[in-house]
Every structure is written in structure tokens, then in C-alpha cells.
Amino acid sequence: MDVELRGLTKRFGKVVANNGVNLKIRGGEVLGLLGENGAGKSTMMNMLSGLYSPDEGEILIDGKPVVFEGPGDAIAAGIGMVHQHFMLVPVFTVAENVVLGVEPTKALDYLDLNAARRQVREIEETYGLEVDPDDLIENLPVGIQQRVEIIKVLFRSADVLILDEPTAVLTPQEVEDFFKIVRALRDAGKALVFITHKLGEILEIADRISVLRAGQIVGEGDPKTSSPAELAEMMVGRPVNFAVQKTAFAPGAPVLSVQNLSVLNEADERVVDRVSFDVQSGEVVGIAGVQGNGQSELIEALTGLRTSASGTVAFEGRDVTRASPRDLHAMGVAHIPEDRLRSGIITSFTVAENMVLDSYYDDRFSNGPQVDWPAVNQWAAKYAHEFDVRTPSIFQLAGNLSGGNQQKLVVARELSRDTKLVIASQPTRGLDVGSIEYIHSRLMAARAEGDGVLIVSSELDEIMGLSDRILVMFKGRIVAEFDATSGVRDRARVGLAMAGEAA
Amino acid sequence: MTDRVNINEEIQKLMVRSVRGRSEFEDLVVVPVFAVIVALFLGALTMLATGVDLPTIGRSFVALAVGSVGSLNAISETLTAAAPLTLAGLGLAIGFRTGLFNIGAEGQLLMGGLAAVIFGFSFPNLPFLVLMPMCLVAGALVGALYAAIAGFLKATTGAHEVISTIMLNLISFRLLDYMLRLDWIQKEGRADPISKSVPDNAELPRLLEFLDPNLRLHAGIFLVIAAVFFVHWLLFKSKIGFEFRASGENPDAARYAGIRSSLIIVAAMATAGAFAGLAGANQVLGVLDRASPGFSAAIGFDAIAVALLGRSHPYGVALAGLLFGALEAGGRQMQVDAGVSIDLIGIIQALIIVFIAAPLLVRAIFPWGFRKQGSNGGGEA
């Protein structure tokens, strides 16, 4: 089945989200749709899946114009969308989730779960999607949940599958498995649209690439001949520097020393198990690992947000095992939390308020019991500008900024003061190329100024690119250490260690 | 040099406050106004459904207007009724901003009021300028302590404040009944549970007695005005207010920023309780002259509606307090003039809250009152 978008335009008020978009989607082909956050990818796909109706232009299926009144029409026409955020009922089984809304029934509306199970198995066998139809969703890892979403779409007889940022939540291993599934679907004649801003992935999986910028298709690429640099320039609109600029490695005295640290989670399980390491001044230590291997708890313990069970943490030789977040902040520890929306910013606060979230009490920003708002505003405007936080004004609500600008706001708050240790957790997750480039350069600037930098990331490329030393965490322990300065950058060995294979 | 100038210009540009948007205006003004109109209209339909004829309905709405703003006495009654609602509403607004749904204003108000009465009749010989403020302080302090119990329970054990404040309300009702029968509190020679009277030099003086001895407006109104500005300062200018709001909007981010959430919970509950206690003291020192069972007259519950209607903003709370005060004063007149039950006022108040709580419903009823929203602008919930 072929789908064609012809001159699609969608406006929201004065904002033109899509402007005369032309796109061809063909059966048996993976179309990679590349674009930064806010380029209009989602708007376009929401029109294709019937959620929005276009202001201008038309959608043609096999050459015939169609009009979707709602998502139901698009599904009936064979277009299915796999959302970035899954829409599954956690306490239902796989089979129950797949048939939800189109349940097979026997007489008297009796739910025929056996038929559902059988149909789910058939789809699994056809496309090589391994899932047990009787597993509860809540017990399944994210990668498998995504398979369930795909089965759901296939169950509704979709011939066109739109995959919205499908790898954002997956581990490197899961991405490999996912690509196998995508290829199997393509070979079975399905048309796939793979939406992402990750260049490496799109070059690997796509048969054809379209680049969207500011609501318009700005170029097409052939994955066999295009280079990442060309595509990135098309996507961002200017040349992008991929290689992280690093000054010479000049480590100093240890800033952070962790000795035999153990941390328990809420269920009293030991999720960080006797971990020891140092971070030296002027050094970037990267902690690699699949998410959920104790990294989050380790960072919380280091930043005073979680009390450790045993072991010690020393900052510049002082014992800070029991220090509060505010004590550590005052000593010069910056913390960029892993989830900016949950714990980095307050979306209903202004940019200015967010800029002083952890320093409002300081003498610079207050007199007596009162916050000195003029001083706060001056400072916020200065650093919003310096850290390239793009906002119409500092009185804008932080929730109205794009993800990249929200993260730059967090980075501005944490790095705009005198720091000695920077702890950054997933500093660029979900960000566009331009923002990633910028945040990396800021972290490197901190290193050049002699800060110790500790980075936790599940993006192996990020860890490899930034770190002087790489620690791999698996099941709460540091299972491998790699010196990245001596030129040994064995990606495969790091990846194996992440999967728990002894290095 | 020119670069330097450009950078400064760009920084200055970031500091320009944009004009309040249309959507904010709609949220803060248009929705509440429409909510009141729809509620009054549905109130009329309710009357019609209960067999009241049209002329009586007309008369009752005239009475509502006359009784609330139609005369000096009406305005005095409106303000007198608005005062405790606003005070308690301000306290609740502080709680809501901190993410605490405090249902306990009623109990805090009773405890605070009782404390003010006891303090008043215990030191009848102190001069007015000492005794009256001390009574207010006693009311605020005891209200704060009573609310802090719920805050402490939440901070230490995670007990939800909705449950614990409801229970504390129940405890306060019975505690009041019990205390009103104690020898040293109960009025001499009375068998029913009623407290001794507050001495004259502890009372909030009436302001318009020189015009007409029946005008009940008292000096508590100055307290209310001061409280409105104080709460505005507290929430939006002070450090502790910043901590309150940060903890309320995103407790995780506040904790990550080094704000001690358990302290904030106790402090916010205590502040909320202090205002409820003040409302109670305002009632006994300005209107009632003594404590009797249930003297709070559900002010603490109505204040929840006032705080919600005022969008937890001190100025909004003041306006909502005035509206509810007017409805109460006008409702009494309605009962007298048109013989319509005062329960109807309760229905109208409830309807207003329903429509405020559901702005999308109001938008659906009055589509022409609002700018058309794009598909991306539906973030009302």
C-alpha cells in the first residue's frame, strides 16, 4: 500500500506547524523521517493518523484522495501508529491489551480470550515477534512492551506503521532486536515510517530519508550515500560539530572519592553494591550501563538525596556521606538530574524562578526573608543569554520551552556558579542535535576549568565521546573499567560489559 | 565594543515582561464571571422546579441584590460575612499552593476562636491595646498548632492530610462541646454549653456604631485587608513562599534543589492554620462575643470554596470572599422578602464551584466568550 501526502499544511493560530509537506510512503520500504524536536514531525504524523485534519493539501492512498474524520478512519484505512509513550493497560495481559477495543466475542458478548490468544500467536509467528500472550504488561521490560504495541497495530490490519521515536526508551541490545523486527515487517511488504532525530539509527535502518525542518521537507537522503554530517546540517540548518572538542587530559587531585558504597532502594534491596571509585579534578568519568542497574540510586546517594547503607563518600577529602543536597550545593557540587521534567525544573514556574531554584536563599538573591526579584531577574537574563536558553523572556513558564531549552536551563542553573564537581545524569536524553552539541561543550568547558565531571548515560556514544575513564555498572556493581585516554576505545567490550559479560 | 552593547540589549530584551495574554484574562476573569451567571440562572431553574412562581423568583433576586449591596447595612453585613471567609480562605490558599489539601480549616477555626475567648476572659483587666491583639495572636497560634498536627503526621509518617484534617475536625467539634461545659469556661449560671463572654476591651470595635448601632461591621476588616497583602508578599516575594510554591508544584524538583520538604509541609500547614485560627478569633471578638457549639457555622468549609474560586491567589480569594459574603448577606434578605429558603444560596454557591472547577464546561456553554483555541491549546486540565 502506498500513501502520498500532497501539500499538507497545518496551522495552530499563527504558528505554521507544517507548510506544504510532500511525502511518499511505499510498501516494502522503511522511510526515515528525520527532524529536530519541534520541526513538525509529530504534527505531520498526527494528520496521517487522523488526529488532526490538515488545513490545506490532501492525503492519497494508492492514488485515491482520502479524508480522515478521526483516528478510527485512519486505522480502518490501514494506517497504524506506535506512540513514543506506550498506551497499554499495565494490569492486563498481552493478549487482552492487543484486542482491547476490538475484542473477539462469542454469543452474548462473551469475551473470547482463547481466540485473542490464538490471533496474537499468529501475528507473532508471522513477523518473529516473541511475546507470551499471557504475560502481564507490568512485568515486561520496555522493549517487549513496544513489541506489544506493534502487535496491537498489526492486529488492526495496518499496512502502514508509523513508529514515533521508537528507540528513545530502548537499550542498545533492545534496539538491535527492534531493528530485526522492523526489517521483518518491511520484507513482509509493510510500509514503515521511522521518526527519529538519531542519525546513526536512521542510516542503519532506513531505505530512504526525508528531512523535516521548521515544518517543511528540506531534503531527501539516500542512506547508502549520505553522511551523518550532511544529514545533520540539513536537519539543523547549519554545520554541526560531532567530535567533542576536548582539551588535553590534565587530571589533578581527587575531587570525589567513593569507598565501598552500598545503597538500598525503597524495597530494601541492595541496588548499589560496595562501589568504589574516584573522580579527579579535570577528569570526566563516565558510568555506562543499561538503565536500572543502580546508576540512579548511586547518583542520589552522591548528591545527598538518598542515605547510603554503608561506605563513605568524600568530597575534596571531607566526609560528605551524610551531607544534605544544600550542603553539597554550597561546597560546589552541581547536579544535572536524569529526568528534567520530574526533578530538574518546575514547569509552572518561570524561567527566572527555575534559574534560582537551588540558590534563591543565597545572599545574592535575597535580603532577609524576602527574595530580591530584581537581582534574580538580572542574573537569570544574563545566564539565559549566556547558556543559549531560547525563550521570549525570562518570565515565560519553563513548561513552554522545548526539551532542549529546558535542559539548557538546568545546565545554566547548575554550571553558572563556581563548581568543583559536576554530576550529570543522562544529560542529553531526548534532545536534538544542536542542544546535545551545546551541552557537551559546556561539560567539556567545566572539565577544562578543572572540575571533576561524573556522567551517567545509557547512550554509549555519549559515554565514549566524553569520558576520560569509563566505568561499567551492572546489577549494582562496577564490573569493568576502561581507560579512554590511552586510545583503547573498544565499543564492543564496553557493550559486552554492560550486558553483564565479564570484560 | 558593539558586541558588548548587543549582548546587553539582548539581555534587556529577555527582561521585558509580556503583556498578560488573552487566555490568562479568560481564565482569571471571564470563567468566574460566567460561572456566577450560569449558577444564578440554574438557581432560578431550581426555584422554578420547586414550584416557586416567576414573580417570586424575580423578587428573590432583587432581594439578593438589595440584601448584599443595596444599603449601608447590607454592605456592612456583606463585609462582616466576608471577613472570616477571606481569612480562612487565605490560609487554605497557602496550603493549596504548597500542594496540601487542607480540609481542616473548620476545626482550626474552632480551636483558634475558643483560644481567643479563653484568653480574653482570663485577662479582663489588660488594656484594650494589649488584650485585643493578644487574643488575636492566641487564636492564630492555637489554630497553627492544631493544623501543625496534620502537617507533622504527613511529614513523618506520610499520613494524608485530607484524612487527618477531617478527623481533626471531628475531634475539634467534640472537644469544643466538652470544653464548653468545663467550670472555668462555661458561663456562670448556664446549663447549656456556652462560654463566658469576651470582655469589652478584647473585642474588635465596631466601626459604624456612630451612624447606626445595628451596623455590625468591625475592625476585623482591617485585619483582612492586611492579611491579603501579607499573603501576597508571603507567597510571591518571600523565601519561604518560594519554598511553599516549589514544593507544591513539583515536590521532587524542590527536594533536588535542597528544599527540606518535611519542614515545608509542617510550616505551610501551621501558616494555613494560623489564618483559620485568626478567622475564628475574628468571629468571637467581632461578632459572636463568646463561643458556643458549632460557632464556626461551616465557615471553614465555605472557605475551601472561596480559596478554589479565588484560584489560590490572595487577591482572588479576597474577591471570592466578598462574593460569598454578599451571597450570605443577600440570601438572608431573600428569605425574609421572598420567603425562599436560604438553602438555595447553598445550591448557588455549590454550582459556582462546579463551574469554576470545570472551565471547559463554561467554555462549552459560552463558546462566543472565548477566543477559539488551537488543537494544541487544550491544556486546561
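Residues numbered from 1 in each chain as written. Chains lettered and ligands numbered in written order. Predicted model: local features only at pLDDT ≥ 70, side-chain atom pairs only at ≥ 80, totals over all residues. Heavy atoms only, no water.

A. Up close: the overall build of chain B. Across its full length, chain B carries 15 helices and zero strands. On C-alpha atoms alone, chain B measures out to a radius of gyration of 23 Å, which is about the 21 Å that the 2.2 N^0.38 rule sets for 381 residues. Its C-alpha atoms put chain B at 85 × 60 × 40 Å along the principal axes. Across the 381 residues in chain B, those meeting the buried criterion constitute 50%. Put simply, of all contacts in chain B between residues at least 6 apart along the chain, 74% involve residues at least 24 apart. Carbon and sulfur atoms make up 67% of the accessible area of chain B, which totals about 17300 Å². Across chain B, the mean location of the 26 positive side-chain charges is 6 Å away from that of the 27 negative side-chain charges. (Helix = DSSP H or I, 4+ residues; strand = E, 2+ residues; numbered from the N terminus. Rg over C-alpha atoms; globule rule 2.2 N^0.38 Å. Buried < 20%, exposed > 50% of the residue type's maximum accessible area, 1.4 Å probe, protein only. Contact = heavy atoms within 4.5 Å. Areas by Shrake-Rupley, 256 points an atom, 1.4 Å probe, with all protein chains shown as cover. Lys, Arg positive; Asp, Glu negative; His and termini not counted. Charge placed at Lys NZ, Arg CZ, Asp CG, Glu CD.)

B. Structural context of the overall build of chain A. Along chain A, the regular secondary structure elements total 17 helices and 24 strands. On C-alpha atoms alone, chain A measures out to a radius of gyration of 25 Å, which is about the 23 Å that the 2.2 N^0.38 rule sets for 503 residues. Taken along its principal axes, the extent of the C-alpha atoms in chain A is 70 × 50 × 50 Å. Here chain A holds 503 residues, and the buried ones make up 55% of them. Intrachain contacts of chain A at a sequence separation of at least 6 include 67% that bridge at least 24 residues. Across chain A, the centroid of the 49 positively charged side chains sits 2 Å from that of the 71 negatively charged ones.

C. Here's a closer look at the sheet that holds strand β16 (residues 310-315) of chain A. Residue and element names in this part refer to chain A. Within the open sheet, the four strands sit side by side as β14-β13-β16-β17. Their pairing is antiparallel. Unpaired on one side and paired on the other, β14 (270-280) and β17 (318-319) mark the two borders of the sheet. Taken together, the two bridges between β16 and β17 define a ladder with antiparallel strand orientation. Among the inter-strand pairings, A314 is bridged to a residue of β17, identified as D319. Packed onto the sheet, helix α9 (residues 295-302) meets β13 (254-264), β14 and β16 and runs at close to 120° relative to β13. (Pairing = 2+ DSSP bridges. Axes fitted to C-alpha atoms, helices over the stretch in contact; angles between N-to-C directions.)

D. Spotlight on the domain arrangement of chain A. Residue and element names in this part refer to chain A. Here chain A is described as being made up of domain 1 (3-236), domain 2 (241-332 + 418-503) and domain 3 (344-417). When each unit is reduced to the centre of its C-alpha atoms, the spacing between domain 2 and domain 3 is 25 Å. Contacts between domain 2 and domain 3 engage 14 residues on the former and 15 residues on the latter. Contact with domain 3 buries surface across domain 2, with R326, H329 and R442 losing the most and accounting together for 43% of the total. The interface formed by domain 2 and domain 3 holds seven residue pairs in polar contact (both at pLDDT 80 or more) in total. Residue assignment for the side of domain 2 that touches domain 3 shows that the elements contributing at least two residues are α10 (325-331) and α15 (433-448). In terms of residues, the side of domain 2 that touches domain 3 owes the most to one element, α15, which gives four residues. Residues that form the side of domain 2 that touches domain 3 fall into these classes: five nonpolar, five polar and four charged. (Domains from an automatic or database assignment. Buried area = accessible area lost by both parts, 1.4 Å probe. Polar contact = N/O pair within 3.5 Å; in protein donor to acceptor, adjacent residues only side chain to side chain. Nonpolar A, V, L, I, M, F, W, Y, C, P; charged D, E, K, R; others polar.)

E. Molecular detail of the interface of chain B and chain A. On the chain A side, the residues contacting the 28 residues of chain B number 39 residues. Summed over both partners, the interface of chain B with chain A buries about 3100 Å², with 62% contributed by carbon and sulfur atoms. Scanning the region where chain B abuts chain A turns up two salt bridges. Across the pair E353 of chain A and R245 of chain B runs a salt bridge, and its minimum N-O distance is 2.9 Å. The tally of links between chain B and chain A comes to 17 residue pairs in polar contact (both at pLDDT 80 or more). Broken down by secondary-structure element, the contributors of at least two residues to the side of chain B that touches chain A are α1 (2-14), α8 (220-236), α9 (239-249) and α10 (251-256) of chain B. With six residues, α9 of chain B is the single largest residue contributor to the side of chain B that touches chain A. (Salt bridge = Lys/Arg side-chain N within 4 Å of Asp/Glu carboxyl O.)

F. Representation of the packing of helix α4 (residues 113-127) of chain A against helix α5 (residues 142-155) of chain A. All names here are of chain A. It is at 10 Å that the axes of α4 and α5 come closest, and there the two elements cross at 105°. Classified by the interaxial angle, the pair formed by α4 and α5 is roughly perpendicular. Touching Q119, V120, I123, E124 and Y127 of α4 are I151, L154 and F155, all from α5. Of the residues in the contact of α4 with α5, the class split is six nonpolar, one polar and one charged. (Parallel < 35°, antiparallel > 145°, perpendicular 65-115°, else oblique.)

G. Quick peek at the packing of aromatic side chains. Using the criterion set out here, one finds 15 aromatic pairs over all chains in the structure. With 6.3 Å between their ring centres and 45° between their planes, F178 of chain A and F194 of chain A make a pair best called tilted. In this pair, F178 of chain A is assigned in helix α6 (residues 172-187) and F194 of chain A in strand β10 (residues 191-196), connecting sequence segments 16 residues apart. A single burial state applies to F178 of chain A and to F194 of chain A, both of which are buried. Ring plane angle 45° and centroid distance 4.9 Å describe the contact between Y360 of chain A and F242 of chain B, whose orientation is recorded as tilted. Taken together, the positions of Y360 of chain A in the loop between α12 (351-355) and β19 (366-367) and F242 of chain B in helix α9 put the pair across two chains. Here the aromatic residues F349, Y360, Y361 and W373 of chain A together with F242 of chain B are joined through ring pairs into a cluster of three or more. Across the ring face of Y361 of chain A, the terminal group of R326 of chain A is positioned such that the distance to the ring centre comes to 3.9 Å. One cation-aromatic arrangement involves K408 of chain A over Y438 of chain A; the distance from NZ or CZ to the ring centre is 5.6 Å. (Phe/Tyr/Trp six-rings, centres within 6.5 Å; stacked < 30°, edge-to-face > 60°. Lys NZ or Arg CZ within 6 Å of the ring centre and 35° of its normal.)

H. Quick look at unusual backbone geometry. Even without being a glycine, A298 of chain B presents a positive backbone phi close to 65°. Counting through the fold element by element, A298 of chain B comes out in the loop between α11 (261-288) and α12 (299-309).

I. Quick look at the confidence of the model for chain B. Counting all residues, the mean pLDDT for chain B is 87, and 93% of those residues have values of 70 or more. Ignoring residues within four places in sequence, the model shows residues 373-381 of chain B, a span with pLDDT below 50, making 11 contacts including any to other chains. (pLDDT = per-residue confidence, 0-100.)

J. Molecular detail of helix α7 (residues 161-179) of chain B. The end-to-end C-alpha distance of α7 of chain B is 25 Å, a good match for the 27 Å that 19 residues give at a rise of 1.5 Å each. Residues of α7 of chain B that are buried sit in contact with α5 (105-122), α6 (128-157), α11 and α12 of chain B. (Expected span 1.5 Å × (residues − 1).)

K. Quick look at the pairing of strand β18 (residues 333-336) of chain A. All names here are of chain A. Neither face of β18 is exposed, since V333 and H335 on one face and A334 and I336 on the opposite face are all buried. Direction of pairing for β18 relative to strand β21 (residues 421-425): parallel, over a ladder of four bridges. Paired with A334 across the two strands is V422, which belongs to β21.

L. Just a nonpolar patch on the surface, in detail. Residues F25, L28, V29, V33 and I37 of chain B make up a contiguous nonpolar surface patch of roughly 430 Å² in combined accessible area. Examined against the element boundaries, L28 of chain B turns out to sit in helix α2 (residues 22-49). (Patch = residues over 30% accessible without salt bridge, like charges linked within 9 Å, V, L, I, M, F, W, Y side chains within 5 Å.)

M. Spatial organisation of the pairing of strand β22 (residues 452-457) of chain A. All names here are of chain A. Judged by how many residues are buried, β22 sits mostly within the fold: six of six residues are covered. Residue alternation in β22 divides its side chains into two sets, G452, L454 and V456 and V453, I455 and S457, and both sets are buried. In terms of strand pairing, strand β15 (residues 284-288) meets β22 through five bridges, oriented parallel. Within the sheet, the bridge partner assigned to V285 lies in β22 and is L454. Examined bridge by bridge, β21 and β22 share five bridges and lie parallel to one another.

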